[in-house]
Each structure stands twice: as structure tokens, then as C-alpha cells.
Amino acid sequence: MKILVCISNVPDTTSKINFTDGDTKFDTNGVQFVINPNDEFGLTRAMWFKEKQGATVHVANVGGPTTEPTIRKALAIGADEAIRVNAEPTDGFFVAQQLAEVVKNGGYDLVIAGRESIDYNGGMVPGILATLLDMNFVNTCISLEVDGNNATAMREIDGGKEKISTSLPLVIGGQKGLVEESDLRIPNMRGIMMARKKALNVIEPVDAAKATQDAKFEKPAAKGAVKLVDNVDDLINLLHNEAKAI
Amino acid sequence: MRPDLFEAPDYYNLDDLFSEEHLLVRDAARQWVKRDVSPIIEEYAQKAEFPRQIIGGLAEIGAFGPYIPEEYGGAGLDQISYGLIMQEIERGDSGVRSTASVQSSLVMYPIYTYGNEAQRKKYLPKLASGEWMGSFGLTEPNHGSNPGGMETKFKDMGDHYLLNGAKLWISNSPFCDVAVVWAKNEEGRIHGLIVERGMEGFSTPETHNKWSLRASATGELIFQDVKVPKENLLEGKSGLGAPLGCLDSARYGISWGAIGAAMDCYDTALRYAKERIQFGKPIAAFQLQQKKLAEMITEITKAQLLAFRLGQLKNEGKATTAQISMAKRNNVEMAIKTAREARQILGGMGITGEYSIMRHMMNLESVITYEGTHDIHLLITGMDITGHAAFKG
């Protein structure tokens, strides 16, 4: 089985978020980047398939040269090879078209992408990718088993879970549940040393349309001062008369 | 102990100066400390026990001899990577970093640098994997700052050496499998010997009731007519310069490690100051607290730059003993002052095991003394710039 894990390079959740260029661009100054957590759950599950079922695991990222530390981390965790499509991932449709090209050329049986990246939260890429490739698709996937050409996936649905039988080739929109947080791996020194020798192939993007562009970012309003109230009556009074919430 | 919310300060964007591999190595160590050290370290420090279960993890993140070549089980990394690993481990606890420093710089380094091929092949891979733990015997009860006066000695008995003496303040001693021991031969020349646990007459009693480095095991190395095989002599270098070469490597690691302890104290104090409300506003809004925090980040940033430049020099093989002394002295003092100021910001909470600050502060009292005291390092700088040694009789 040949697996492609699509990874996004996203700001660490503790980063301070600011914008530049008239609030149209994200300010990356001083920001630490990590593998998108939803992708990391997928990568870790892919490592399980590699170790238990002999799968080959490649990772792909659409991004500039600054994303390479994140890609190298995926290699240090255990992916066999990496591909970086040298383009800024500013639009989900554009990114999906680039990844579709990678999948077509690489002949992958299973594509695992996070159900959304935690920076722009577009949530588009896995669905568009499956459509472009005409592959089966399971979104918000919380468990995945593969037996030969057959796959069994579990999805989170309102108030419960849905078990789905499907077949390869398959695109997964993954999230926590594919593996648990405690299963996530820290690259060990052996992995870091091996990652030095693994291929990180940089390819140029194919011509592809962008369906959207960022017009402006706005940060949520800053938190106001906290008021401590001693009893329920005062609280109701404030909520009614001051906050006008009730 | 509270959850570890550590966010590393990088005020001068030093990350831009590190290579992709430096960052990968550093972040792996950082993640590991958060996952495997922070949740347990306070408990082990309180009960004065070394958490032996983390030895495997230390080996996995490359804390044991990262700069030793791959053929001997090391990772073949550069000196800045070594420094960053020490920084991250000491961010968790100086005692754990001490264990890693000793293994790397004081046991693996001399075996690699002064040992022969058979010794390298026999010891280094097992030390790198943590299967064997090592200790380093230089300091004696009567000879601390003046190791050249050591009394431990060995005699050539024809087919073996006979070793007698005692070493004190030895990190890892209670559980070490091997010890690199410095002793004088019959001509009074200092040599290194590899002593293995199990050799008759070799014992390692633990030092109890420490108020510092409580999560690290410290003890003695006692040799009573220990028969050391001749092949255990480190032939590559003799004289006081041999053990001092090891100390250069360890002190270099400490100059990075101390930054880690300071970063943790600063980060804790900054978070606390922003959340703690007194007189209707966060205490971070008061000038006296801002002065403390602003001075802390200034000093941390200066220490980071010092360590980074020293790392470059070390990579080029140009770092002098005196340059290393300056960084060790400056950065450890910076860390201990940061810990004390941070403790004050936390008020009473600062003295509890809920926060890491008091543990760091007490640990740093050892760090400022071992591997060359604060005063001796000043005199090394003094000697370097004036040409006069002020610490010799």
C-alpha cells in the first residue's frame, strides 16, 4: 500500500497572531510552525500502516522553502520520502489541484489529509482532492483499518459514530481519533539522523486557478475587564441592564 | 505540580540563526521534556530520587554523546545541537541535565578523545544507548578547586594496576556501570582509568540530604585495592590537561543548560504576573514587577547570544578554556539571579512544588559551584587577560 499524507505547516497554537500589509497577510515574524495537528494524527496512523502492514509513506506539502523544517520533522518521525510543491498555499482549491497532481504522478492507494488546517480552517482540501481524483472519500474520520483493497472507517456524526465500508483508492479527512494524542511521536535521534538522507523533492506547481483570495483579516475584539459579582441578583442585573444579554 | 505550559522566549529571533536540524533536535528535546520529564520531576525531586525510567528517553533524544560519531553510537551532531539539547533538558531540571552532561562530556568524551579503538568500540555504543551509565571521578574530599593535588593513585603491578583513593560529589555514582577515574601513577602523573562496577574493592555510596539536584543521584567513588586491567588505561592523554579537557566540554554544555533553567523561571513568572490580580490589576502592570521581568529577558537574551557564539567557536575548534569559563560563569549566575527574582514575583506560591522555580533555584546552587566554581571561573578570565594566575599558591 502506498500512502500519501498531506501536511500543512501551521503556527503553533501558542503563537501571537498579527497581520501585515493592511491586514491582508499573516505576520510570520517570530512565529513557530508545526505540523497541522489533524495531519499529524494521519501521519501517525500512516506510520502504523508502515510498521504493521509494510506500507510506504510519503508526505506532501504545498508551501515555500520555509516549510521544510516541518517536512523534515515528518521524515524524522518516519515518512519515507517527501514532496514539496513550491507555492504559497493561499487557496484551498489551488492547494487541492497541486496535491491531485502529486497523487496522480505517485500512484497512491490511500491519501490522508487533516480534515482542516488549524490556521485558516478552510476544511476544503480533502473533499476537493477526492473529487478531482474521483476517489472514495471519508471526512472527519476517527478510525481507519485497511485489509487488502477494503477499508473500514469510522466517522464522527452528530451524537454518535458512523461505520463506513469502502475501498481503495481512498481519500481520508482525518482528525483526532485516527490515533490519540498520546500516540503522537516525538522524532528520536535515530529518526533525525535517517531524515538527513531521505529525499525531499521540490517540484514546481502546475498552472491552477485560485478560487478565493484573502481580502482582510480581523482579530476578535480584545477581552474587556473582568467584573466580579457577589450574588446571582447582581449578575442578572448586569447581564440585563449593562450587557443587554438577557 | 501544574501542567507544563512553557513557551520558550526568543526575544532576538535566534531561531533564525539555527539550522533546520538544530531546530528539529531542539524541538524534539523540548517536546520530550514536556511529555516525560515535567509531569514527574517534582515528585522525584521531593523524594530525592533519580527517575531511572527516563534514561531510555534521554538516549532516544540524543542526550548521550550527540557529537560522538555515528559509528560509535552517537549522532554525529555539532556543538550547537549539543548545547540546545542541554538547554532543553535543564529547562526541565538541572539534575537530569547533569546526568546527561556527565554521560556525554565526562565519560563518552574522554573515552572517545583519549581512548583507543577497542575502548571506543566496547563502551561508547552502550553509553550512547543508555544501557550503561557512567560517572567521572576527579574531585576528592580534600581537592576541589585544586584537582592537581589529588591523592587517588595507582601502581603498576605488572599485569594490572592497583587503584586506591576516593572521589566525592560524583553525579551518577550510585548507579553507574562505568567510571572514568583520574589518578596519579607512581611518578605523580595524572592518568584516566576506566573502572567498571563489580571490580573488587570498588564501591559507590550515595550522598544523602542534599537540598539541590535532588532528582539526580550523587555519591562517592571509593577504591580499595581495586585491580584495574591494563587495557582500561586511557592512553591518549595524561596530565591535568586531560580531565580539564573533559570539563571544557561539560562547562560548555552547562552554559547552554543554565539558559534553559532561566527560560523556565522567566516564562513561569511572566505568566503568573499577567494572571495574578492585586489592587485590581495584574501584578505585571506594576513597575517593580516589570523591572524584574524586563531585566530577566534582557539577561536571557544576552546569555543566548553568548552561548550561540561560543557554539560557533566550538564547532570551528577555536573555543578557548577561558572563553568557556566566561560563558559558564555568566550564564549560571544569570540563571540563579533569574530564579531568585522569579521566585519573588510568585510570592508565596514561588516556594511550593506547584511551580518549578524553587527547584531550579536550589539546583543552580550546585551548578554555580560544580565544574569550576563561580570564583575560579572569574580567576580563569583574570589569568587569561593579565597573564597572572591568582588561584595558585
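Residues numbered from 1 in each chain as written. Chains lettered and ligands numbered in written order. Predicted model: local features only at pLDDT ≥ 70, side-chain atom pairs only at ≥ 80, totals over all residues. Heavy atoms only, no water.

## Structural notes on the overall build of chain B
Rules: The helix count covers DSSP runs of H or I at least four residues long, the strand count covers runs of E at least two residues long, and both are numbered beginning at the N terminus. Atoms counted for the radius of gyration: C-alpha only. Globule rule: 2.2 Å times the number of residues to the power 0.38. Any two residues having at least one pair of non-hydrogen atoms within 4.5 Å are treated as being in contact. Values of accessible area rely on a 1.4 Å probe in the Shrake-Rupley scheme; residue burial ignores everything except the protein chains shown. Counted as positive: Lys and Arg. Counted as negative: Asp and Glu. His and the chain ends are not counted at all. Each charge is placed at NZ for Lys, CZ for Arg, CG for Asp and CD for Glu.
Within chain B, the secondary structure is distributed over ten helices and ten strands. In terms of C-alpha radius of gyration, chain B reaches 21 Å, essentially the compact-globule figure of 21 Å for 393 residues. Each of the three principal axes of chain B carries a C-alpha extent, and together these read 80 × 45 × 40 Å. Restricting to contacts in chain B with at least 6 residues of sequence separation, those with at least 24 account for 75%. Here chain B has roughly 15900 Å² of accessible surface; of this, 51% comes from carbon and sulfur atoms. One finds the centroid of the 42 positive side-chain charges in chain B at a distance of 5 Å from the centroid of its 49 negative side-chain charges.

## Notes on the interface of chain B and chain A
To be explicit about the condition: Reported buried area values correspond to the accessible surface (1.4 Å probe) lost by two parts on association, with both partners' losses combined. For this analysis, a salt bridge means a side-chain nitrogen from Lys or Arg found within 4 Å of a carboxyl oxygen belonging to Asp or Glu. For this analysis, a polar contact is any N or O atom pair within 3.5 Å, provided that within protein one partner can donate a hydrogen and the other can accept it, and provided that sequence-adjacent residues contribute only side-chain to side-chain pairs. We call Asp, Glu, Lys and Arg charged. Ala, Val, Leu, Ile, Met, Phe, Trp, Tyr, Cys and Pro are nonpolar, and the rest, Gly among them, are polar.
At the interface, 24 residues of chain B touch 20 residues of chain A. Both sides of the chain B and chain A interface together cover about 1800 Å² of buried area, and 51% of this is carbon and sulfur. Looking only at chain B, the three residues that lose the most surface to chain A are Glu20(B), Leu24(B) and Gln31(B), adding up to 32% of its buried area. At the surface where chain B touches chain A, the tally comes to five salt bridges. With a shortest N-O distance of 2.8 Å, Arg72(A) and Glu20(B) are connected by a salt bridge. Counting across the interface, chain B meets chain A through eight residue pairs in polar contact (both at pLDDT 80 or more). It is helix α1 (residues 20–46) of chain B that provides the largest number of residues to the side of chain B that touches chain A, a total of eleven residues. Considering only residue class, the side of chain B that touches chain A consists of eight nonpolar, six polar and ten charged.

## Overview of the packing of helix α4 (residues 94–114) of chain B against helix α5 (residues 117–128) of chain B
All names here are of chain B. Stated precisely, the cut-off is as follows: Angles here are taken between N-to-C directions and fall from 0 to 180 degrees, while the axes themselves are lines fitted to C-alpha atoms, restricted in helices to the stretch in contact. Note that the term roughly parallel is reserved for angles under 35 degrees, roughly antiparallel for angles over 145, roughly perpendicular for angles of 65 to 115, and oblique for everything else. If you view the pair so one helix is near and one far, a crossing is left-handed when the near helix is turned anticlockwise from the far one by less than a right angle, and right-handed when it is turned clockwise.
α5 packs onto α4 with a crossing angle of 160° between their chain directions and a minimal axis gap of 9 Å. Relative to α5, the element α4 lies roughly antiparallel. In this structure, the crossing between α4 and α5 has a hand that is left-handed. Counting all contacts with α4, which are made through Gln103, Val107, Met108, Ile111 and Tyr112, the residues of α5 involved are Gln119, Arg120, Tyr123, Leu124, Leu127 and Ala128. For the contact of α4 with α5, the residue count by class is eight nonpolar, two polar and one charged.

## Some points on the UniProt feature "domain: Acyl-CoA oxidase/dehydrogenase middle" (unreviewed entry) in chain B
Applied cut-off: UniProt positions are given in the numbering used here, feature names are shortened, and annotations may be inferred rather than shown by experiment.
Residues annotated in UniProt with the feature "domain: Acyl-CoA oxidase/dehydrogenase middle" (unreviewed entry) correspond here to residues 135–226 of chain B. Annotation note: span residues 135–226 of chain B, helix share 0%, strand share 48%, distance between end C-alpha atoms 17 Å.

## As for the side chain of Thr207(B)
In this structure, Thr207(B) sits in the loop between β6 (202–203) and β7 (218–229). Dropping the residues within four chain positions of it, Thr207(B) is found in contact with Trp169(B), Thr218(B), Gly219(B) and Glu220(B).

## Structural notes on the UniProt feature "domain: Electron transfer flavoprotein alpha/beta-subunit N-terminal" (unreviewed entry) in chain A
Annotation from UniProt places "domain: Electron transfer flavoprotein alpha/beta-subunit N-terminal" (unreviewed entry) at residues 23–212 of chain A. Counted over residues 23–212 of chain A, helix gives 32% and strand 31%. Its end C-alpha atoms are 16 Å apart.

## Re unusual backbone geometry
Residues and elements named next belong to chain A. Worth spelling out the cut-off: For every residue, the accessible area obtained with a 1.4 Å probe (protein chains only) is divided by the maximum for its type, and the residue is called buried under 20%, exposed over 50%, and partly exposed between those limits.
The residue after Leu168, namely Pro169, is reached through a cis peptide bond having omega -5°. With respect to the element layout, Pro169 can be found in the loop between β11 (160–167) and β12 (170–174). Even without glycine at this site, Asp21 takes up a positive phi of about 50°. Its place among the elements puts Asp21 in the loop between β3 (19–20) and β4 (25–26). Positive phi values are uncommon outside glycine, yet Asn121 reaches one of about 50°. Within the element layout of this structure, Asn121 appears in the loop between β8 (110–114) and α4 (125–133). Judged by its relative accessible area of 40%, Asn121 is partly exposed.

## A closer look at the nonpolar core
Note the threshold: In these notes, a set of buried Ala, Val, Leu, Ile, Met, Phe, Trp, Tyr and Cys residues joined through side-chain atoms within 4.5 Å is what counts as a nonpolar core.
Ranked by size, the top nonpolar core spans 145 residues in total, and within it Leu110(A), Leu144(A) and Trp182(B) carry the most contacts. Considering each element in turn, this core owes the most residues, 17 residues, to helix α6 (residues 241–275) of chain B. In contact with Leu110(A), not counting residues within four places along its chain, are Met1(A), Lys2(A), Ile3(A), Leu4(A), Phe49(A), Leu144(A), Val146(A), Leu168(A), Leu170(A) and Ile172(A). One finds Leu4(A), Val95(A), Ala100(A) and Val111(A) within the second-largest nonpolar core, a separate group that totals 23 residues.

## Brief notes about the UniProt feature "domain: Acyl-CoA dehydrogenase/oxidase C-terminal" (unreviewed entry) in chain B
Annotation from UniProt places "domain: Acyl-CoA dehydrogenase/oxidase C-terminal" (unreviewed entry) at residues 238–383 of chain B. As annotated, residues 238–383 of chain B comprises 75% helix and 3% strand, and the C-alpha atoms at either end are separated by 23 Å.

## Considerations on the sheet that holds β11(A)
All names here are of chain A. Convention followed: Any two strands with at least two DSSP-identified bridges between them are counted as paired.
The strand order β11-β10-β9-β12-β8-β1-β6-β7-β13 describes an open sheet built from nine strands, whose pairing is mixed. Two strands bound the open sheet, and with one partner strand each, they are β11 and β13 (200–203). For this sheet, the mean inter-axis angle between neighbouring strands, taken without regard to orientation, is 30°. Relative to the sheet, helix α3 (residues 92–106) contacts β1 (2–6), β6 (56–62), β7 (81–85), β8 and β13, its axis offset from that of β6 by approximately 150°.

## Notes on the pairing of β12(A)
Residue and element names in this part refer to chain A. With five of five residues buried, β12 is to be regarded as a mostly interior element. Going residue by residue along β12, you find Leu170, Ile172 and Gly174 tucked away on one face and Val171 and Gly173 tucked away on the opposite face as well. Relative to β12, β8 is paired through five bridges, and the arrangement is parallel. Counted as the bridge partner of Gly114 is Gly174 from β12.

## Remarks on the packing of aromatic side chains
The following threshold applies: Here the aromatic set is Phe, Tyr and Trp, taking the six-membered ring for Trp, and pairing holds for ring centres within 6.5 Å; pairs whose planes are under 30 degrees apart are stacked, those over 60 apart are edge-to-face, and all others are tilted. Over a ring means this: the NZ of a Lys or the CZ of an Arg is within 6 Å of the ring centre and within 35 degrees of the ring normal.
Within this structure, the stated rule accounts for 18 aromatic pairs over all chains. Where Trp48(A) meets Phe49(A), the ring centres are 5.5 Å apart and the plane angle is 80°; that geometry is what we call edge-to-face. Given the relative accessible area of 27%, Trp48(A) is considered partly exposed. Plain terms: the ring middles of Tyr67(B) and Tyr82(B) are 4.9 Å apart, the flat faces sit at 85° to each other, and that makes the pair edge-to-face. One end of the pair, Tyr67(B), is in the loop between α2 (55–60) and α3 (79–92); the other, Tyr82(B), is in helix α3, and 15 residues separate them in sequence. Relative accessible area serves as the criterion here: at 0%, Tyr82(B) is assigned to the buried category. Grouping aromatic residues by their ring pairs yields a cluster made of Phe19(A), Phe26(A), Tyr120(A) and Phe217(A). It is Lys47(B) that lies over the ring of Tyr44(B); its NZ or CZ is 4.3 Å from the centre.

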